[in-house]
Amino acid sequence: MDNPPPLTIDFTSGAIAHRLRFGGGRGQALPRAVGMKGGRTPDVVDATAGLGRDAFLLASLGAQVTLIERSEQMHALLADALARAADSDVAGIIARMTLLHGDAKDLLPDLAPEVVLVDPMHPARNKSALVKKEMRLIRQIVGVDSDAPALMKVALGCARKRVVLKWPQKADLMEGLPKPSHQITGKSTRYDVFMVGASAYGSNEGFDDNSRS
């Protein structure tokens, strides 16, 4: 069998460009999950940046996004992609994205994030999860985020408004965490939203119990 092509990240073409043009703007599940409602545009820390696609989407909608990636190889791919896109027609979006290298558990306390997005790499639930070559390549680079519960606990202790866990749609709640304030679900992905701080008491900021897509 031929070796798979190397993993690349491109913010100017392919799936990212298509999502930018036709994704649905703030009506998509992720923007709703982070609290883009009623004209609000929160600052977001993407604690598990990966390919940077979610961060790019949020930045395209006006959010200032800090991306944290602890894999040296993935961080290098992201840095290269951001540098290439900085001179393209999406330069304005790229300018709202700040990339950091390190473990989010260590970096989050000093960032005082408004919203934290966590999208951990978890063990494959079945063989179908390994169909996409891209996913296999990512898994080879970053492995499995076995410390995801610890990261979530740090995020819940640091975020000023909410923490959003991106999780398989049919998966059980992550063990050891409180029940999410609400969930927004799609065909294969679910966003478990944890309101924290003042937002968790009485304001219902961005909360829509009927918002499940």
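Provided above is the structure to which this section pertains.
Note that the structure is predicted; figures quoted are calculated from it, not measured.

Rules used in this analysis
Residues numbered from 1 in each chain as written. Predicted model: local features only at pLDDT ≥ 70, side-chain atom pairs only at ≥ 80, totals over all residues. Heavy atoms only, no water. Helix = DSSP H or I, 4+ residues; strand = E, 2+ residues; numbered from the N terminus. Buried < 20%, exposed > 50% of the residue type's maximum accessible area, 1.4 Å probe, protein only. Contact = heavy atoms within 4.5 Å. Areas by Shrake-Rupley, 256 points an atom, 1.4 Å probe, with all protein chains shown as cover. Core = buried A, V, L, I, M, F, W, Y, C linked by side-chain atoms within 4.5 Å.

## Looking at the overall build of the protein
Part 1 of the reasoning: Across its full length, the protein carries eight helices and seven strands.
Part 2 of the reasoning: Of all 213 residues assigned to the protein, the portion counted as buried reaches 46%.
Part 3 of the reasoning: Pairs at least 24 residues apart make up 68% of the contacts formed inside the protein by residues separated by at least 6 positions.
Part 4 of the reasoning: Surface accessibility of the protein: about 10900 Å² in total, with carbon and sulfur atoms responsible for 51%.

## Section: the nonpolar core
Part 1 of the reasoning: Among the nonpolar cores identified, the biggest contains 39 residues, and F11 and M97 are the most heavily contacted of them.
Part 2 of the reasoning: At the level of secondary structure, the elements contributing two or more residues to this core comprise α2 (29–34), α3 (53–60), β2 (65–69), α4 (72–85), α5 (91–94), β3 (97–101), β4 (115–118) and β7 (189–195).
Part 3 of the reasoning: Per-element tally for this core: the top contributor is α4, with six residues.
Part 4 of the reasoning: Contacts of M97, omitting those with residues within four sequence positions, involve F11, G52, A55, F56, A59, V65, L67 and L82.
Part 5 of the reasoning: In this structure, A148, C158, A159 and F194 belong to the second largest nonpolar core, which totals 21 residues.

## Observations regarding unusual backbone geometry
Part 1 of the reasoning: Residues other than glycine seldom take positive phi values, yet A112 does so here, at roughly 45°.
Part 2 of the reasoning: With respect to the helices and strands, the residue A112 is situated in the loop between α6 (104–111) and β4.

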